[in-house]
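Results of the structural survey
Chain by chain, the residues run as shown.
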Amino acid sequence: MRSCCREPTHLEPELASKLDRIQLDPSAKILLLGDSMIARFQDYGTGTGLLSKEHFTNIGIGGTTTGHWIHLLSQDHFRLSQFTGLEHAVVMLGTNNLARLDATAEQISEGVLEVFRVVRSKLKPAVQLWYVPIQIRYDLRDARPTLLDDIRHINERVGQSYPLIGFYADDPQQMESDGLHFTRDTYEALANYIKAQFE
């Protein structure tokens, strides 16, 4: 796999400290995996029956990149094979790689695909893998002039191999003031969208 020269191969202390907050449920039917976009999903729109917390495990870690996840999964940190009742695994990852301005869209695409390959190798073949596409990062529009083209390339590249949860928040009003994370209403809309794909 071609990767950015700055891509981490370990978890920095501030990220490693977040691992203790993750609660795994081996009986879960749905696995959510990714960065803060997934981690925040735990608190928005999932306790009202949209995606019952009784049926999913969230292993989102804010601030992580594809390199962090390749390291964690390769070390079998979460022992994905223990999820014997799993039906779906949803990955939302790659947005933090965009902040590494020397990383190309192709390198980020390859990183996301490698995460999928490792996840696939550790789950039963019957588990359906899904990708929630990278959303527009309004906070990087000036720093990364090729942002929209890069996001489009990554999503299309990954989408060639894995089905997309085709949810796009393309209105700034759907984002928090940081220009990166979804509002509560947007998370609820995403939860409904994901649920509809599974039915």
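Residues numbered from 1 in each chain as written. Predicted model: local features only at pLDDT ≥ 70, side-chain atom pairs only at ≥ 80, totals over all residues. Heavy atoms only, no water.

Below, the discussion takes up the pairing of strand β1 (residues 30-34). Among the five residues that make up β1, five are buried, leaving the element largely enclosed by the rest of the structure. Here β1 shows two buried faces, one formed by Ile-30, Leu-32 and Gly-34 and the other by Leu-31 and Leu-33. With five bridges connecting them, β1 and strand β2 (residues 56-60) associate as parallel partners. Directly across from Leu-32, in β2, lies its bridge partner Asn-58. Sheet topology places β1 next to strand β3 (residues 88-92); five bridges connect them, and they run parallel. Note that in β3 the partner of Gly-34 across the bridge is Met-92. (Buried < 20%, exposed > 50% of the residue type's maximum accessible area, 1.4 Å probe, protein only. Helix = DSSP H or I, 4+ residues; strand = E, 2+ residues; numbered from the N terminus. Pairing = 2+ DSSP bridges.)

As a further point, take unusual backbone geometry. Of note in the backbone geometry, Asp-76 takes a positive phi value of approximately 55° without being a glycine. Among the secondary structure elements, Asp-76 is positioned in the loop between α3 (66-74) and β3. A positive phi angle, near 45°, is found at Arg-79, a position not held by glycine. Within the fold, Arg-79 resides in the loop between α3 and β3.

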